[in-house]
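Structure assessment
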Amino acid sequence: MTKKKKIGIIAFFIVLILLVMLAMIQNLSSKGKEEVTYKTVVVEKQEPILTEGKVMPAKTQEYTYDPQKGEISSIAVKDRESVKAGQELFRYKNQSIENELEDIKANKERLHNTLEDNTKKLQQLKKAQDNTADSLSQMNATSSVNNDAVSIHQGEIQTLETTISDLKNQIKDLDIQISRLEKQATSIITADVDGIVLLDESLKQNASLPFLKIITDDTLIQSFISEYDYYALSKGLKVGVYVNAQDRRVKGVVTDVAETAQTSPELTNMTGTSSLTGNSSGAVEMPNFQFFVRPEEEIHYDFTVQIQIPLKDIVIPESAIQKEKNQEYVFVVKNGKAQKQMIQREKRGLQNVVIKGLKLKDVIVYNPDQKLKNGMKISTTTEGESANS
């Protein structure tokens, strides 16, 4: 091989090596200029808590047979009749008291007859006394015999007056007894509230089950919520109500929340509560807290509904949260750059909710790493996904 060929081959390899090195440098340079890509999520409202409910009258007044008051003698209303508070519903009649009352009335009648007889005698004695006094006055008689006659009349008059006074007092006492017994002998039961009568006369002699009910026109929805979601309820909270049988949505307001838990046997056989933990243990009887919702529109009694309890708290993925000493922060994406944002959270139920530092519709980095720095320009993927998903 000639010297000229050797030089040409060497030059070729030198150029080739330089081209390879140049390509590698350009590749490294372009990689250094590429933006790091991160996944982001949007801070959105949480899905509402769902509970099953049942529509019921806002108030139900029940009336059960009371044997101590006697027998039900008459019922003044009919089934499904509308009544007003104070209106007569039915009456009791106590036969033993009726018998006692008749005896007392008979005794009063005897005393009254005796009073009339004594009153007539008193009138006659007073007339006789007046006649005797007139005769003595005309005769100017002062004999002891005549004076004794006047004294006898006076003694009889005083005795009769005393007797008459006693009779009047006895009759007065009997009147009081009669008045009391008449109230006991016949008891009139009246309605306590306005509403509609539900009457079952077959139970009017049953001392354990109500034979008459009054249900008010306005309604409430009864529901139960688990201890895990209890924090989300409060009086006055506005909720959504879905009427299953009518495919209809109405608004409602929470009117009462129980302080203590109880089992919910009627509602646990439904779908139960869809709690934040993902447990829907409707078939298990577990202690739940009862609450009531007043719907803004009329819903038929006994209809089942679904109550939607809104959650206003902000919850974000744990993967988005970074820690610096005792503080937590996230990266909010603004104008293509990652902005460090300090946050505060607190425990509510089973969740840690953000109480400071973020607002709805903020876009945060879902998967920050140690390379991500405040103010760094980044590219993002899946932007717009909910932070609660």
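Our subject is the structure listed above.
A brief structural summary. Predicted model, so just to flag it, every value in this text is computed and none were measured.

Remarks on the overall build of the chain
When you go through the chain residue by residue, the secondary structure sums to three helices and 21 strands. Classification of the 389 residues of the chain by burial places 33% in the buried group. Summed over all atoms, the accessible surface of the chain reaches about 24300 Å², with 50% contributed by carbon and sulfur.

Observations regarding the sheet that holds strand β4 (residues 71–75)
Strand order in the open sheet made by the three strands is β4-β6-β7, with antiparallel pairing throughout. In this open sheet, the two strands that pair with only one neighbour each are β4 and β7 (186–190). The mean inter-strand angle of the sheet, taken between neighbouring strand axes irrespective of direction, is 25°.

Re the pairing of β7
Only one face of β7 is buried, namely the one carrying Ser187 and Ile189, since none of Thr186, Ile188 and Thr190 on the opposite face is buried. Relative to β7, strand β6 (residues 88–93) runs antiparallel, the two sharing five bridges. Bridging across to β7, Tyr92 finds its partner in Ser187.

Concerning the pattern of salt bridges
Going through the model one piece at a time under the given rule, you end up with 15 salt bridges. The shortest N-O distance in the salt bridge between Glu328 and Arg345 comes to 2.9 Å. Within this pair, whereas Glu328 is found in strand β17 (residues 327–334), its partner Arg345 is found in strand β18 (residues 337–348), the two being separated by 17 residues in sequence. The pair Glu328 / Arg345 is uniform in exposure class, with both members buried.

Here's the deal with the layout of surface pockets
Put simply, the largest pocket is a space of about 270 Å³. Forming the walls of the largest pocket are 14 residues, and the residues nearest its centre are Val55, Met56, Pro57, Thr60 and Asp302. Elements represented by at least two residues in the lining of the largest pocket include exactly β2 (49–57), β3 (60–63) and β9 (212–215). In terms of residue count, the dominant contributor to the lining of the largest pocket is β2 (four residues). Residues of the lining of the largest pocket, tallied by class, amount to six nonpolar, two polar and six charged.

Some details on the sheet that holds β9
Here we have four strands laid out as an open sheet, ordered β3-β9-β8-β5, and antiparallel in their pairing. Each end of this open sheet is capped by a strand with a single partner; those strands are β3 and β5 (82–83).

Describing unusual backbone geometry
Of note in this structure, Asp247 is not a glycine but carries a positive phi near 50°. With respect to the helices and strands, the residue Asp247 is situated in the loop between β11 (238–243) and β12 (248–257). Judged by relative accessible area, which is 59%, Asp247 ranks as exposed. For Lys325, which is not glycine, the phi dihedral falls at a positive 60°. The residue Lys325 is located in the loop between β16 (322–324) and β17 in this model. Residue class for Lys325 comes out exposed when judged on its relative accessible area of 82%.

What counts, and at which threshold
Residues numbered from 1 in each chain as written. Predicted model: local features only at pLDDT ≥ 70, side-chain atom pairs only at ≥ 80, totals over all residues. Heavy atoms only, no water. Helix = DSSP H or I, 4+ residues; strand = E, 2+ residues; numbered from the N terminus. Buried < 20%, exposed > 50% of the residue type's maximum accessible area, 1.4 Å probe, protein only. Areas by Shrake-Rupley, 256 points an atom, 1.4 Å probe, with all protein chains shown as cover. Pairing = 2+ DSSP bridges. Axes fitted to C-alpha atoms, helices over the stretch in contact; angles between N-to-C directions. Salt bridge = Lys/Arg side-chain N within 4 Å of Asp/Glu carboxyl O. 1 Å grid on protein atoms, 1.4 Å probe; cavity = no way out; pocket = protein on both sides within 12 Å on 5 of 7 lines; lining within 4 Å. Points joined across faces, edges and corners; volume = space filled by probe spheres on them. Nonpolar A, V, L, I, M, F, W, Y, C, P; charged D, E, K, R; others polar.

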